[in-house]
Amino acid sequence: MSGFEGSYLGANDKISPQAIMECKICWTPYDPAEGDDTRSILPGTPFIALPDDWGCPNCDAPKEQFLVSEDPGSDAMREAEVLAEKTKALVTDFTEVWHAKMRDVPMVNKLLHVQAVGWGIHQGRPLGVLISPWFMNLIQLPAEGEDWSDLLAGTKEVIGFPSGEYEFIHNVREMTGGYKACSLFSPMGEFKTQQQAVDVAEAVMQALFMEEHRAETDRSADIRASREAEIAAQEEAEKAAAEEAETGSDLPEAPTRRQVLTAGMASEAE
C-alpha cells in the first residue's frame, strides 16, 4: 500500500498540503511552512511533494514512518469532497431530465448546459446555484446526517440569509434526494453563453451574503407575489406556445423571468 503509516489508513489523498507530519521513530516534525534546510526543501513544500528518497532530518527514517500530527486543511478537503459528491448527483439528475424530457421544449436555451456553480457549506448545509438550459436556481441540500427524502414537493419555505429572506420550494429527485430551490431565472433565453450564466450565478452567491442588500422590512410577501406572477407568466407562455404549435405558425419569444432574489438583487441579467 502506498502512503504513510497512520495517515488516514495510508490514503495520501486525504492529507492536505497543510498537513504537519511527525516521525514516529524520533517524533521530529515536518512542517510544510518551514520546509527542511538539511535537504534544501523550500518553505511551502507539502509533505506529499517531498522527494521519494527524503528521510527524517534527525534519524533518517523514511517518509512511510511519518504520522499526521495535525492537518489544518483536512476540514476544507472533507468539505470539498462532500460538495463534489452532492453536486455530482444534482448535475447528473438534471442532465438526465434535460436529455429525456426538456431538450425539445421550445422554452429551453440550447446554448447552456447543466452546471453547479459557487457551492459551499452554509450553516452545515451545501448551498449553491444550479444552472440548466431552462432555469437557474439557488439550491440548498441537507447536511450530513439529515434526511430530506420526506419533503413534500411544492411546499414553500422562507429561508433567511445576511442579505434578506428568500422563498424556497421543496422537491425530491431520485439521485439528489430532497432539496430546496429558490428560482432565480426561468426561462434562460436572455443568456447568450454558459459563461455569462456562470458569472451571474457567482455574483448571486456573493451578494447573498452581503448585509447591505438586506431590505428594511421582511420581503417574504414580495417574494411570494413575484414568484406567483412569474409562474403565471411562464404558464401563459407555455400555453401560447402550445397553441401556436397546433396552428403551425412560428413560436413567440418566451418572456424573461425577473430575478427572484428581490432583497437587493432583483436586477435582470445583462
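Residues numbered from 1 in each chain as written. Predicted model: local features only at pLDDT ≥ 70, side-chain atom pairs only at ≥ 80, totals over all residues. Heavy atoms only, no water.

A.B. asks: So what about the overall build of the protein chain? Which residues, and what values?
C.D. replies: Counting secondary structure elements, the protein chain contains three helices and nine strands. Helices and strands in the protein chain line up, N terminus first, as β-β-β-α-β-β-β-β-β-β-α-α. Looking at the protein chain as a whole, 43% of its 270 residues are labelled buried. Pairs at least 24 apart in sequence give 58% of the contacts found in the protein chain among residues at least 6 apart. Carbon and sulfur atoms form 50% of the exposed surface of the protein chain, whose accessible area is close to 14,400 Å². (Helix = DSSP H or I, 4+ residues; strand = E, 2+ residues; numbered from the N terminus. Buried < 20%, exposed > 50% of the residue type's maximum accessible area, 1.4 Å probe, protein only. Contact = heavy atoms within 4.5 Å. Areas by Shrake-Rupley, 256 points an atom, 1.4 Å probe, with all protein chains shown as cover.)

A.B. asks: Quick rundown of the sheet that holds strand β1 (residues 20-23)? Include the residues and the values.
C.D. replies: Pairing is antiparallel across the open sheet formed by three strands, whose spatial order is β2-β1-β3. Of all strands in the sheet, those bounded by a partner on one side alone are β2 (29-30) and β3 (66-70). For β1 and β2, the ladder comprises two bridges, and the chain directions are antiparallel. The partner of Glu22 across the bridge, within β2, is Pro29. (Pairing = 2+ DSSP bridges.)

A.B. asks: If you had to explain helix α2 (residues 194-207) to someone new, which residues and values would you point to?
C.D. replies: For α2, spanning 14 residues, the distance from its first C-alpha to its last is 20 Å, which sits close to the expected 20 Å at 1.5 Å a residue. Listed in full, the buried residues belonging to α2 are Gln194, Gln196, Ala197, Val198, Val200, Ala201, Val204, Met205 and Ala207. (Expected span 1.5 Å × (residues − 1).)

A.B. asks: Provide a residue-level description of the nonpolar core, including the pertinent values.
C.D. replies: Grouped together as the largest cluster of nonpolar side chains are 23 residues, with contacts concentrated most on Val129, Ile131, Met136, Leu138, Met188 and Phe191. Looking at this core, the elements with two or more residues in it are β5 (125-131), β6 (136-140), β7 (156-161), β8 (164-173), β9 (177-185) and α2. The greatest single-element share of this core, amounting to six residues, is contributed by α2. Membership of the second largest hydrophobic core comes to 17 residues, among which are Met102, Val114, Phe135 and Leu141. (Core = buried A, V, L, I, M, F, W, Y, C linked by side-chain atoms within 4.5 Å.)

A.B. asks: Tell me about the confidence of the model for the protein chain, and name the residues and values.
C.D. replies: Of all residues in the protein chain, 73% attain a pLDDT of 70 or more, and the chain-wide mean is 81. Across the protein chain, β6 holds the top mean pLDDT of 97, while helix α3 (residues 220-247) sits lowest at 62. Low pLDDT, under 50, characterises residues 248-270; the stretch is placed with 69 contacts to residues that sit more than four places away or in other chains. (pLDDT = per-residue confidence, 0-100.)

A.B. asks: Requested: an account of the environment of Glu22, with residues and values cited.
C.D. replies: Its location among the elements puts Glu22 in strand β1. The exposure class of Glu22 is partly exposed, given its relative accessible area of 25%. Taking the C-alpha atoms as reference, Glu22 lies 8.5 Å from Gln65; in sequence the two are 43 residues apart. In this structure Glu22 touches Trp27, Thr28, Pro29, Gln65, Phe66, Leu67 and Ser69, once residues within four positions along its chain are discounted.

A.B. asks: Can you lay out the pairing of β1 for me, pointing to particular residues and giving the numbers?
C.D. replies: Bridge count for β1 against β3 is four bridges, and the pairing is antiparallel. Bridging from a neighbouring strand, Ile20 pairs with Glu70 of β3. Here β1 hands over to β2 after five residues, with Trp27 in that stretch at a positive phi of 65°.

A.B. asks: Run through the pattern of salt bridges, naming residues and quoting values.
C.D. replies: Opposite charge on two side chains makes pairing possible when the charged atoms of those side chains draw close. In total, this model carries four salt bridges according to the counting rule given. Across the pair Arg39 and Asp53 runs a salt bridge, and its minimum N-O distance is 3.1 Å. Taken together, the residues span a long stretch of sequence, with Arg39 in the loop between β2 and β3 and Asp53 in the loop between β2 and β3 at a distance of 14 residues. Assessed through its relative accessible area of 34%, Arg39 is described here as partly exposed. Judged by its relative accessible area of 58%, Asp53 falls in the exposed class. Two residues, Arg173 and Asp93, come together in a salt bridge whose shortest N-O distance is 3.6 Å. One end of the pair, Arg173, is in strand β8; the other, Asp93, is in helix α1 (residues 74-102), with 80 residues separating them in the sequence. Since its relative accessible area comes to 3%, Asp93 is described here as buried. (Salt bridge = Lys/Arg side-chain N within 4 Å of Asp/Glu carboxyl O.)

A.B. asks: Can you lay out the pairing of strand β4 (residues 115-122) for me, pointing to particular residues and giving the numbers?
C.D. replies: Regular strands place their side chains on alternate faces of the sheet. Where β4 meets β5, six bridges bridge the pair, whose relative direction is antiparallel. By the bridge assignment for β5, Ala116 is matched with Leu130. The hairpin formed by β4 and β5 contains two residues between the paired strands, and Gln123 there has a positive phi angle of roughly 55°.

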